[in-house]
Amino acid sequence: MKNFNEILSTLPDSIRKELLQLQKPVIDELEEIRLRCGHNITLNYGSKEKFLSKIVTKVELQQTLNSLIKYSYYAYEEDLAKGFVTISGGHRVGICGKAVISNNVPILIKEISSMNIRFAKEFIGCANSLIPRLIVNNMPVSTLIVSPPGCGKTTFLRDIARILSERGIKVAICDERSEIAGMYNSKPSFNIGCRTDILDGCDKYYGIPMLIRSMSPNVVITDEIGKKSDIEIIDQCISTGVGIITSIHGCNMNDLHSSKIEPLIKSKVFSNIV
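Residues numbered from 1 in each chain as written. Predicted model: local features only at pLDDT ≥ 70, side-chain atom pairs only at ≥ 80, totals over all residues. Heavy atoms only, no water.

Moving on, we get to the packing of aromatic side chains. Here the distance between the centres and the angle between the planes together describe a pair of aromatic rings. The full count for this structure, using the stated rule, is one aromatic pair. With a centroid separation of 5.4 Å and an interplanar angle of 85°, the aromatic rings of Y205 and Y206 are classed as edge-to-face. A relative accessible area of 53% places Y206 in the exposed class. In this structure, R158 packs its charged tip against the face of F190, placed 3.9 Å from the ring centre. (Phe/Tyr/Trp six-rings, centres within 6.5 Å; stacked < 30°, edge-to-face > 60°. Buried < 20%, exposed > 50% of the residue type's maximum accessible area, 1.4 Å probe, protein only. Lys NZ or Arg CZ within 6 Å of the ring centre and 35° of its normal.)

Written out as structure tokens, the structure is:
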């Protein structure tokens with residue numbers, strides 16, 4: 001309910017009024033609120049989808065964005081160029097519209113056409129069963145979490161960070177998409193432990209070496225690898241004696257062997273593939 005109220009308070013009255021009619025079972029399972037110009041509000045909860053009667057307008061989309069970022073376009077400039085913003089509570093809002101391109105790189109999205117408000121959730125203890133495999137001789141070993149989108153990889157990584165930190169292990173999070181810690185006003189939105197340092201919004205290629213040099217972690221946690229540059233930087237991390245715990249989209253080992261990170265799989269960088 002807290003997550004729902006955090007989001008509700010930022011929405012225009014016309015949309016908020018519709019959402020206030022929802023029953024508690026729907027609210028408790030709510031994962032996404034999708035707003036598409038000219039279409040009904042769509043809710044995703046559990047494995048279900050629900051269409052509300054309210055049809056979203058262009059003006060309401062702009063009002064929603066203005067409210068979510070508190071009209072601070074400068075502060076969110078880089079995130080908006082990537083197509084998302086992270087707001088109070090660690091919730092992530094995906095944005096679609098007309099992309100403005102400069103030097104073949106998107107620098108802005110304007111004429112907002114749709115938004116996806118994704119509820120960030122915390123499940124304390126969801127990674128407990130992995131810990132016996134994750135810690136060897138009182139130190140974490142490198143681990144890769146594999147699953148399709150939307151199945152809880154980030155939630156799992158978040159709980160791993162908490163558990164390791166509470167066990168006296170120094171954890172560094174390279175939070176490229178601001179999803180693991182949900183940093184807001186210099187504070188994480190979730191319980192990630194008292195021995196955890198976060199570098200927010202920085203590309204892994206630059207962020208992981210910065211964390212190793214400046215924070216001397218025992219393990220680095222980051223999300224969604226898959227680029228060729230990730231191979232190089234993970235190799236560098238391992239060579240310094242620092243463990244890496246990360247995730248990738250996929251369903252099985254065949255997906256990993258056909259991905260760009262296959263060299264990491266062949267060289268058995270990861271002690272665990274979950």
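Let us look at the sheet that holds strand 10 (residues 171-175). For sheets, the rule is that strands pair by backbone hydrogen bonds, running either parallel or antiparallel. What the six strands build is an open sheet, ordered 11-10-12-13-9-14; its pairing is parallel. The sheet is open, and its two edges are formed by strand 11 (196-200) and strand 14 (272-273), each paired on a single side. Examined bridge by bridge, strand 12 (residues 219-222) and strand 13 (residues 243-249) share three bridges and lie parallel to one another. Within strand 13, the position partnered with V219 by the bridge is G243. Lying over the sheet, helix 8 (residues 204-215) contacts strand 10, strand 11, strand 12 and strand 13, oriented at roughly 155° with respect to strand 10. (Pairing = 2+ DSSP bridges. Helix = DSSP H or I, 4+ residues; strand = E, 2+ residues; numbered from the N terminus. Contact = heavy atoms within 4.5 Å. Axes fitted to C-alpha atoms, helices over the stretch in contact; angles between N-to-C directions.)

A few words now on the side chain of T64. Looking at the secondary structure, you find T64 in helix 4 (residues 58-68). Assessed through its relative accessible area of 0%, T64 is described here as buried. Setting aside its immediate chain neighbours within four residues, T64 contacts T10, L11, P12, I15, L35 and M115.

For the structure on display, the rule yields 13 salt bridges. Where R162 meets D159, a salt bridge forms, and the shortest distance between an N and an O atom there is 2.8 Å. Of this pair, R162 and D159 both sit in helix 7 (residues 153-166), three residues apart, which is roughly one turn of the helix. There is no split in this pair, since R162 and D159 are both buried. K227 serves as the salt-bridge partner of D203, at 3.1 Å between the closest nitrogen and oxygen. On the criterion of sequence distance, the pair formed by D203 in the loop between strand 11 and helix 8 and K227 in the loop between strand 12 and helix 9 (228-239) is long-range, its members being 24 residues apart. Residue classification places D203 among the partly exposed residues on the basis of a relative accessible area of 25%. (Salt bridge = Lys/Arg side-chain N within 4 Å of Asp/Glu carboxyl O.)

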